[in-house]
Amino acid sequence: MPGFAFRSLRARLSVVYAGVFAAAMLCIAMALYVGTERVASLQVGKELVASGAIYDRLWQQRAQQLNEAAALLARDFGFRAAVATGDRATVLSALDNLKSRMNVRNAFILHVDGSITGRGAPPTPAQVQILWQALDSGRRVGVAQWGGQVRQVVAAPILAPAEIGWIVFGLDLNAREMRSLEGMSPIALDAGIVLRTDQSWQRVAGNFAQVDRRAGQVFDQFLDKRSAFELHLGGETSFALAKSLPMLTADQHVALLLLYSKSAALAPYRPVQTIIGVFALLGLAGVILATWRTADRITRPLAQLDGAVGRFARGDRCQVTIGGEDELARLATSFNAMVEQIEDREKHIAHLAFNDVLTGLPNRSMFQRQAAQLLSMRGPDQALSLLCIDLDNFKTVNDTLGHPVGDAMLIDVAQRLTVAASGCFVSRLGGDEFLVLHMGTDEQDTVDMLARGLLAAIQKPMLIDGHDILPGASIGIAIAEGEGHDVDTLLRNADLALYRAKAEGRGTYCYFEATLNERAQARRAIESDLRRAIEQGEFELYFQPLFDLKANRIGSFEALIRWNHPDRGLVSPIEFIPIAEETGLIVPIGAWAMREACMKAMDWPAHIRVAVNVSSIQFRRKGLTEVVLQALAASGLSPDRLEIEITESIFLDSSDDILKLLHNLRALGIKIALDDFGTGYSSLSYLRAFPFDKIKIDRSFISDLLNQPGAIAVVRAITDLAAALGMETTAEGVEEPEQVEALRAQGCSSLQGFLFSRPVTAAAVHAILTDGGNLTRTSNRSAA
């Protein structure tokens, strides 16, 4: 409804429908009330008209009686003789006798000379004159006024034999006469006589108020209409009937007015109207009650739904009671189904948000919450231990057996950890790294036992997709004791301890120590200095010669990078290259080394090549081919004078892409050498998959060449294999003259080691070459 704002649909429906039904009921009740009153008015009007007709008959009957009585007396001989002789006593006696019998107060003889003989109020001479004229003109019955009284007049002529006078009866139309008329009516009438004076009517007889101007207008409108009308007099409304009375003279107008009080007339019908009103009120109350209950029944499910939606929005679990099979019931059913689906989705989303999809263990977010909660709730004697578990050589499993096998392995490990760390919080941090939180008081022994149990559980063989796998793991442990620990610090300390466990040979566990943090700080310092070193050009190349045994001269130089730190001096690549590879800084450092090596080699004789070590990280990143081409183009070095030395580690990732890249480089004329052969996996499949130009035998085989049985056989096998595949061989770490002859005897192509020269600066390379570069003169050179 416009203008109203309902907060309740039930109230709106109740008001709207109750209003409509109540209006309809009130209209019906009003129509019945008005119709009843209309019918009653018509009935009363008919009764009033009937009473008016009775009066007419009484008027005529009375006039006829008086006329007959007057005519009978006028024909009486004695009476005529008394009138003719002037016997007043006889005349008066006869008139008195007649008045008594006819109950008339005015009776007299109007003589032809205008004199009057009789009793009662006589008319004035002027009135006599008017009366005489009317009688003489033939009017015998009518209304006349004399003596201040309106009277019904009946006259009869006295003939002897000529007309000697008139017998006149005057019946007073006064209050008594009106009450007499009222008593003859079956209804409670008020009868009266009104006389027109000037332009208004004036009451001259009757028990009602004077006729005012407005009532007079209505009176004129319905005079002699033979129908009742409503007339308002003196503050009361009555049904009225107006009849003109016949006049003896034409100069006056008198009328009979019959009134029937409306309240009295309709009184018999009031009970009916009261019953209609009562039933209307009862119906209205019933309509309101029925509408309210109907609206409540209709809107109750909606109210329940509204409340349920509100509770559901606040996070409460709610269901709506379903009743019936109508649209609301179906809506409630749909709501309940929607709530269940949303709750299922929320549970699923919450599970995904805090649990690992693969293993089902809590994820990093859940670990953060749990660790923070345990740290905050631990008592003064309690310690929280974090065990960071990382699988050993998991990457190899993924690379060699595929990721599905790796995923199955992770699931199996998660289940084993859950069982072995029963009562502890177990989560997967990501990849092959798991976390175990343990809260206790007897910390050291308990944690030792827990760590050993975890390792034992993981190291059990597993069979996945037909593959026998013997998994292993390393564990780093950090303990939060006392105050001042947070989750990030605890996790970082456990991670540092894990690095130490890895460094100590894997398959074991280590506790965090403060020195580990110091090492980590030192590592971060080196990383920061490396970034500065790249920008400020603090690197330089050293070169170590490789002797060609067949030509008995230097055949190539291996470029070795050194870091000339402004504070620490020359820093060994063993110290900073692993950090450069972990941070990716090896890419710009390797690109610089490639360009610098090619530039330096351009100053050497044309038969001498330069070998540059390329990290597996550079192979994983895009742009290595462009780096090599730019170095060759910038220096002008022929591709066949460049050797790229790689290790077997590059084949552990995306071997197809690596092989494609190696083939591309080799197609340019660049030599590809496999460094440190004999360590690592030494898979023969690598030699079959790619045609290396050279194999560099690791120094561990050369150092034991003269004093360990079988070492020569291993070297011989490698040289024979390389020769069969058309590859050169270089023996690394040659430091004794006897090793030279032995390696020559085994067919090595070239030698490299401190026996000939340590790595030297670019300037020293020219001195070596100036000396002729043969085996004898380059022996025992010293360098950095």
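Residues numbered from 1 in each chain as written. Predicted model: local features only at pLDDT ≥ 70, side-chain atom pairs only at ≥ 80, totals over all residues. Heavy atoms only, no water.

Tell me about the packing of helix 17 (residues 586–601) against helix 19 (residues 624–635), and name the residues and values.
Interhelical geometry of helix 17 versus helix 19 gives an angle of 30 degrees and a closest axis separation of 8 Å. Taken together, the axis directions place helix 17 and helix 19 in an arrangement best described as roughly parallel. Crossing of helix 17 against helix 19: the hand is right-handed. Seen from helix 17, the contacting residues are Ala591, Met594, Arg595, Cys598 and Met599; seen from helix 19, they are Val627, Val628, Ala631, Leu632, Ala634 and Ser635. (Axes fitted to C-alpha atoms, helices over the stretch in contact; angles between N-to-C directions. Helix = DSSP H or I, 4+ residues; strand = E, 2+ residues; numbered from the N terminus. Parallel < 35°, antiparallel > 145°, perpendicular 65-115°, else oblique. Left-handed = near helix turned anticlockwise from the far one by under 90°. Contact = heavy atoms within 4.5 Å.)

Talk me through the sheet that holds strand 3 (residues 141–146); I want residue IDs and the actual numbers.
Spatially, 2-1-5-4-3 is the arrangement adopted by the five strands of the open sheet, whose pairing is antiparallel. Two strands in the sheet have a free side with no partner beyond their single neighbour: strand 2 (116–119) and strand 3. Neighbouring strand axes in the sheet, compared pairwise and without regard to direction, differ in orientation by 30 degrees on average. Bridge analysis of strand 4 (residues 149–159) against strand 5 (residues 163–172) gives nine bridges, and the strand direction is antiparallel. Residue Leu159 lies in a different strand from strand 5, and its bridge partner there is Glu163. (Pairing = 2+ DSSP bridges.)

A description of the layout of surface pockets should follow, citing residues and the corresponding values.
In this structure, the second largest pocket occupies an estimated 590 Å³ of space. Lining the second largest pocket are 19 residues, and of these Leu496, Tyr499, Arg519, Ala520 and Arg523 sit closest to its centre. Listed by contribution, the elements that provide at least two residues to the lining of the second largest pocket are helix 14 (487–503), helix 15 (514–536) and helix 16 (573–583). Within the lining of the second largest pocket, the residues separate by chemical class into ten nonpolar, no polar and nine charged. (1 Å grid on protein atoms, 1.4 Å probe; cavity = no way out; pocket = protein on both sides within 12 Å on 5 of 7 lines; lining within 4 Å. Points joined across faces, edges and corners; volume = space filled by probe spheres on them. Nonpolar A, V, L, I, M, F, W, Y, C, P; charged D, E, K, R; others polar.)

Describe a nonpolar patch on the surface, with residues and values.
Together, Ile275, Val278, Phe279 and Leu282 line one region of the surface with nonpolar side chains, adding up to about 400 Å² of accessible area. Structurally, the position occupied by Leu282 is in helix 8 (residues 270–313). (Patch = residues over 30% accessible without salt bridge, like charges linked within 9 Å, V, L, I, M, F, W, Y side chains within 5 Å. Areas by Shrake-Rupley, 256 points an atom, 1.4 Å probe, with all protein chains shown as cover. Salt bridge = Lys/Arg side-chain N within 4 Å of Asp/Glu carboxyl O.)

Go over empty space enclosed by the protein with me, naming the residues and quoting the values.
Using the criterion set out here, one finds two cavities of 30 Å³ or more in the structure. Computed from the structure, the largest cavity encloses a volume of approximately 80 Å³. Lining the largest cavity, in full, are Ser51, Ile54, Tyr55, Leu58, Leu181, Glu182, Met184, Ser185, Leu189, Ala191 and Leu258. Residue assignment for the lining of the largest cavity shows that the elements contributing at least two residues are helix 1 (9–75) and helix 5 (175–184). With four residues, the single largest contributor to the lining of the largest cavity is helix 1. Roughly 30 Å³ of volume is contained in the second largest cavity. The greatest single-element share of the lining of the second largest cavity, amounting to three residues, is contributed by strand 5.

Outline the pairing of strand 22 (residues 642–646), listing residues and values.
Taking burial as the measure, the five residues of strand 22 include five buried ones, the bulk of the element. What you see with strand 22 is no split at all: Leu642, Ile644 and Ile646 on one side and Glu643 and Glu645 on the other are buried throughout. Pairing of strand 21 (residues 609–613) with strand 22, which is carried by four bridges, proceeds in the parallel orientation. Within strand 22, the residue paired with Val612 across the bridge is Ile644. As paired elements, strand 22 and strand 23 (residues 671–677) share four bridges and run parallel to each other. Following the sheet pairing, Glu643 is matched in strand 23 by Lys671. (Buried < 20%, exposed > 50% of the residue type's maximum accessible area, 1.4 Å probe, protein only.)

An account of the environment of Thr441 is requested, with residue identities and associated values reported.
One can find Thr441 in the loop between strand 13 (433–440) and helix 13 (443–458). On the basis of relative accessibility, which here comes to 57%, the residue Thr441 falls in the exposed class. C-alpha of Thr441 to C-alpha of Ala383: the two residues are 58 residues apart in sequence and 6.0 Å apart in space. Beyond its immediate chain neighbours, meaning those up to four positions away, Thr441 contacts Asp381 and Gln382.

Please give an account of the nonpolar core that cites residues and values.
Of all hydrophobic cores here, the largest spans 79 residues; its most connected members are Leu530, Leu642 and Ile646. No other element matches helix 17, which puts seven residues into this core. Discounting residues that sit within four places of it in the chain, Leu530 has contacts with Phe539, Trp563, Phe576, Ile579, Ala580, Leu585 and Ile589. (Core = buried A, V, L, I, M, F, W, Y, C linked by side-chain atoms within 4.5 Å.)

Can you lay out helix 10 (residues 364–377) for me, pointing to particular residues and giving the numbers?
Structurally, the α-helix is built with 3.6 residues per turn, so residues lying three or four positions apart point the same way. An ideal rise of 1.5 Å per residue puts 20 Å on 14 residues; helix 10 measures up with 20 Å between its terminal C-alpha atoms. Turning to helix 10, its buried residues are Phe367, Ala371, Leu374 and Leu375. Buried positions in helix 10, seen along its axis, are confined to an arc of 100 degrees and lie on one side of it. Exposed residues on helix 10 whose side chains face more than 90 degrees from its buried face are Arg369, Ser376 and Met377. Residues of helix 10 that are buried sit in contact with strand 11 (383–391), strand 12 (425–430), strand 13, strand 16 (473–480) and helix 14. For helix 10, the side-chain oxygen to backbone nitrogen distance between the N-cap and Ser365 is 3.2 Å, and the N-cap itself is Asn363. (Expected span 1.5 Å × (residues − 1). Arc of directions from axis to C-beta. Polar contact = N/O pair within 3.5 Å; in protein donor to acceptor, adjacent residues only side chain to side chain.)

I'd like to hear about the pattern of salt bridges, residue by residue, with values.
According to the stated counting rule, one finds 25 salt bridges in the structure shown. Put simply, Arg151 and Asp172 hold a salt bridge, and the shortest N to O gap is 2.6 Å. On the criterion of sequence distance, the pair formed by Arg151 in strand 4 and Asp172 in strand 5 is long-range, its members being 21 residues apart. We classify Arg151 as buried; its relative accessible area is 4%. Of the charged contacts, one joins Asp529 and Arg532 as a salt bridge, the two residues approaching to 3.1 Å between their closest N and O atoms. One end of the pair is Asp529 and the other is Arg532, both in helix 15 and three residues apart, which spans about a single turn. Relative accessible area serves as the criterion here: at 24%, Arg532 is assigned to the partly exposed category.

Explain the pairing of strand 2 residue by residue, including any values.
Two strands pair when backbone bridges link them, and strand 1 (residues 106–111) and strand 2 are joined in this way by four bridges, in the antiparallel orientation. Paired with Ile109 across the bridge in strand 2 is Thr117. Turn length for the strand 1-strand 2 hairpin, with the two strands adjacent in sequence and antiparallel, is four residues, and the turn residue Gly114 shows positive phi of about 90 degrees.

Pulling in residues and values, what's your account of helix 12 (residues 403–420)?
For helix 12, spanning 18 residues, the distance from its first C-alpha to its last is 25 Å, which sits close to the expected 26 Å at 1.5 Å a residue. Those residues of helix 12 lying buried are Val405, Gly406, Met409, Leu410, Val413, Ala414, Arg416 and Leu417.

With reference to specific residues and values, describe the packing of aromatic side chains.
The full count for this structure, using the stated rule, is 13 aromatic pairs. Note on Phe543 and Trp604: the rings are 5.1 Å apart at their centroids and 90 degrees apart in plane angle, and the pair reads as edge-to-face. With Phe543 in strand 18 (residues 539–548) and Trp604 in the loop between helix 17 and strand 21, the pair connects residues that are 61 residues apart, well separated along the chain. One exposure class covers both Phe543 and Trp604, and it is buried. (Phe/Tyr/Trp six-rings, centres within 6.5 Å; stacked < 30°, edge-to-face > 60°.)

I'd like a description of the sheet that holds strand 6 (residues 190–197), backed by residues and values.
Across the sheet, which stays open at both edges, the five strands sit in the order 7-6-10-9-8 with antiparallel pairing between neighbours. With partners counted over all chains shown, the strands left at the sheet margins are strand 7 (200–206) and strand 8 (229–233), one partner each. Ignoring strand direction, the axes of neighbouring strands in this sheet form an average angle of 45 degrees. Pairing of strand 6 with strand 7 involves six bridges; the strand directions are antiparallel. Its bridge partner being in strand 7, Thr197 is matched across the sheet by Ser200. Across the sheet, helix 1 is in contact with strand 9 (236–245) and strand 10 (254–261); its angle to strand 9 comes to roughly 30 degrees. Lying on the sheet, helix 5 is in contact with strand 6, strand 7 and strand 10; it crosses strand 6 at an angle near 135 degrees.

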